[in-house]
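Examining the three-dimensional arrangement
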Amino acid sequence: MDPMTTVLLLIGALVVIFALSIGFGSFFTVETAQVAIVQRLGKFARVAGPGLNWKTPFIEVVVQRMSMKVQQFDVQVETKTQDNVFVQIPVSIQYKVMPDGVESAFYKLSDPVKQIESMVYNVVLGHVPKMKLDDTFLNQADIASDLRDNLDGSMKEYGYSIVKVLISDIVPDTKVKAAMNDINAAQREREATVSRAETNKLLLVKQAEAEAESKRLQGEGIANQRKAIIAGLKDSVEDFAKTVPGSSAQDVMQLVLMTQYFDTLKEIAANDHTNTVLIPHTPNTLTDLFGQIRNAIISGTELTKQPNISLPAAPETPK
């Protein structure tokens, strides 16, 4: 083989290899949940979707691949409330590129995270300084909702959609947090004290009601006991008078008193732990006691029969 033929074969092989490389290099693939930005001679040409794509050799080029997934980043905002309490507000922003805003997302913003972060600061510093610390905790969801609405409205111009804005916590200064915990503990202790007082009050009321009911039942029992004693004495007097001719009611009452006297002594002697103190006396004391009771009843009956007796007027004192 002459040298000229060898050179021609080498040139042909190089041309074939170059043609194949150009042909295969014109094809490219895009992963799922991604898009590719294709430029033609430095100008935006189109957005290539997932799968196998083709570009014109030497004219078109893939300049960027962008993720269509939901992405998240965190911002730590420090500000103060209306009552001059400095707080740290961690904000989590979830965002994604809109399918019809890929061109704007790539060409209009060089750093979307910095842009969103600046807007977060702007919105938070516009809301929290107007609220007191307690209101900030209560309106945490409202602040997050306002953040999302403001960010979503502003970032749509740049091809981004704000999926969700989360405010996970509001963190005041350590000393302020300790003071808040002390206030909460004191409030709970006060509620517990009130609850215990109400419980004690209820117990005392129920105890008083039980004692009142016990006294009422005890009084009814004593009254019924006395009625039974009177009825028994009446029957005893009548039976004794019928059985023993010539006996008087006084004799019967003295006998009953003597019987109760001995029954009482018997009950005291049967109880080992009695606190009863016996005063020295004789059985004749019962007769004297009965006579005193009888004389008092007779005197009271006589006084009720007599007309009202006016007492003599007191003498006048000389002037």
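Cut-offs applied
- Each chain has its residues counted from 1, running along the sequence as written.
- For a predicted model such as this one, the threshold for reporting local features is a pLDDT of at least 70, and the threshold for listing and counting side-chain atom pairs is 80 or more; totals across whole chains, interfaces and linings nevertheless cover every residue.
- Each side-chain value is derived from all of the structure's non-hydrogen atoms; neither hydrogens nor water enter the calculation.
- Secondary structure is summarised from DSSP: a helix means a run of H or I of at least four residues, a strand means a run of E of at least two, and numbering begins at the N terminus for each.
- Note on classification: 1.4 Å probe, protein chains only; a residue is buried when its accessible area is under 20% of the maximum for its type, exposed when over 50%, partly exposed between these limits.
- Contact between two residues is taken to exist if any of their heavy atoms lie within 4.5 Å; hydrogens are not considered.
- When DSSP finds two or more bridges between a pair of strands, those strands are recorded as paired.
- Axis definition: a line fitted to C-alpha atoms, over the contacting stretch in the case of helices. Angles run 0 to 180 degrees between N-to-C directions.
- To qualify as a nonpolar core, a set must consist of buried Ala, Val, Leu, Ile, Met, Phe, Trp, Tyr and Cys residues joined through side-chain atoms within 4.5 Å.
- The pairing test for Phe, Tyr and Trp rings, Trp by its six-membered ring, is centres within 6.5 Å, and the orientation test on the planes gives stacked under 30 degrees, edge-to-face over 60, and tilted for anything in between.
- The term salt bridge refers to a side-chain nitrogen of Lys or Arg lying within 4 Å of a carboxyl oxygen of Asp or Glu.
- Two joining distances apply to patches: 9 Å for like charges and 5 Å for nonpolar side chains (Val, Leu, Ile, Met, Phe, Trp, Tyr), and every residue must have over 30% relative accessible area and no salt bridge.
- Per-residue accessibility takes into account occlusion by the displayed protein chains alone, with areas from the Shrake-Rupley method and a 1.4 Å probe.
- Note on terminology: angles under 35 degrees are roughly parallel, angles over 145 are roughly antiparallel, angles of 65 to 115 are roughly perpendicular, and the others are oblique.
- Crossings are sorted by hand: turned counterclockwise from the far helix by less than a right angle, the near helix makes the crossing left-handed, and turned clockwise it makes it right-handed.
- Residues are grouped as follows: nonpolar covers Ala, Val, Leu, Ile, Met, Phe, Trp, Tyr, Cys and Pro; charged covers Asp, Glu, Lys and Arg; every other residue, Gly included, is treated as polar.
- As a per-residue quantity, pLDDT reports the predictor's confidence and falls between 0 and 100.

On to the overall build of the protein, then. What the protein contains, in helices and strands, is eight helices and nine strands. With 319 residues in all, the protein has 21% of them scored as buried. Considering only intrachain contacts with a sequence separation of at least 6, the fraction spanning at least 24 residues in the protein is 63%.

The strand order across the open sheet formed by three strands is S3-S2-S5, and the pairing between neighbours is antiparallel. One side of each edge strand has no neighbouring strand; the edge strands of this open sheet are strand S3 (43-48) and strand S5 (60-67). Sheet twist, expressed as the average angle between the axes of neighbouring strands with direction ignored, equals 25°. In terms of strand pairing, strand S2 (residues 34-40) meets S3 through five bridges, oriented antiparallel. Directly across from Arg 40, in S3, lies its bridge partner Lys 43.

Okay, the nonpolar core next. Counting residues in hydrophobic clusters, the biggest one holds 35 residues, and the most contacted among them are Val 91, Ile 93, Ile 116, Val 120 and Tyr 160. With six residues, strand S7 (residues 86-97) is the single largest residue contributor to this core. Setting aside residues up to four positions removed in sequence, Val 91 forms contacts with Phe 73, Asp 74, Val 75, Val 77, Val 120, Leu 147, Val 165, Leu 166 and Ile 167.

Quick look at the packing of aromatic side chains now. Applying the stated rule across the entire model yields four aromatic pairs. Ring geometry for Phe 73 against Tyr 95: centres 5.8 Å apart, planes inclined by 75°, an arrangement best described as edge-to-face. Separated by 22 residues along the polypeptide, Phe 73 in strand S6 (residues 71-80) and Tyr 95 in strand S7 bring together distant segments of the chain. Its relative accessible area of 11% is what places Phe 73 among the buried residues. Through pairs of rings, three or more aromatic residues link up here, namely Phe 44, Phe 106 and Tyr 107.

This part takes up the pattern of salt bridges. On inspection of all chains with the given rule, the structure shows eight salt bridges. A salt bridge links Glu 209 to Lys 206; its shortest N-O distance comes to 3.9 Å. Of the two residues, Glu 209 and Lys 206 are both situated in helix H6 (residues 174-243); the distance of three residues between them amounts to about one turn of the helix. Exposure remark for Glu 209: the relative accessible area of 45% places this residue in the partly exposed category. Taking the relative accessible area as the measure of exposure, Lys 206 reaches 48% and is therefore partly exposed.

Let us look at the environment of Pro 50. Within the secondary structure layout, Pro 50 lies in the loop between S3 and strand S4 (51-54). Looking at Pro 50, the relative accessible area reads 51%, which means it is exposed. In this structure, Pro 50 is in contact with Val 30, Glu 31, Thr 32, Ala 33 and Gln 34, ignoring residues within four places of it in sequence.

This part covers the environment of Val 70. Among the secondary structure elements, Val 70 is positioned in the loop between S5 and S6. The spatial distance from the C-alpha of Val 70 to the C-alpha of Lys 164 is 9.9 Å, given a sequence separation of 94 residues. Leaving out residues up to four positions away in the same chain, Val 70 has contacts with Gln 94, Tyr 95, Lys 96 and Val 163.

Here we come to a nonpolar patch on the surface. Residues Phe 27, Leu 52 and Trp 54 make up a contiguous nonpolar surface patch of roughly 360 Å² in combined accessible area. Here Phe 27 is to be found in strand S1 (residues 27-30).

In the contact formed by helix H3 (residues 112-127) and helix H5 (residues 140-155), the axes pass within 10 Å of each other and the chain directions differ by 140°. Of the possible angle classes, the one that applies to H3 and H5 is oblique. Remark: the crossing between H3 and H5 carries right-handed chirality. Of the residues in H5, those in contact with Gln 115, Ile 116, Met 119, Val 120, Val 123, Val 124 and His 127 of H3 are Asp 146, Leu 147, Asn 150, Leu 151, Ser 154 and Met 155. Residues of the contact of H3 with H5, tallied by class, amount to eight nonpolar, four polar and one charged.

Turning our eyes to something else, we now look at the confidence of the model for the protein. The predicted coordinates ought not to be read in detail in places where the model reports low pLDDT. Summary statistics for the protein give a mean pLDDT of 78 and a share of 74% for residues scoring 70 or more. Per-element confidence in the protein is highest for S2, whose mean pLDDT is 92, and lowest for helix H8 (residues 284-305), whose mean pLDDT is 62.

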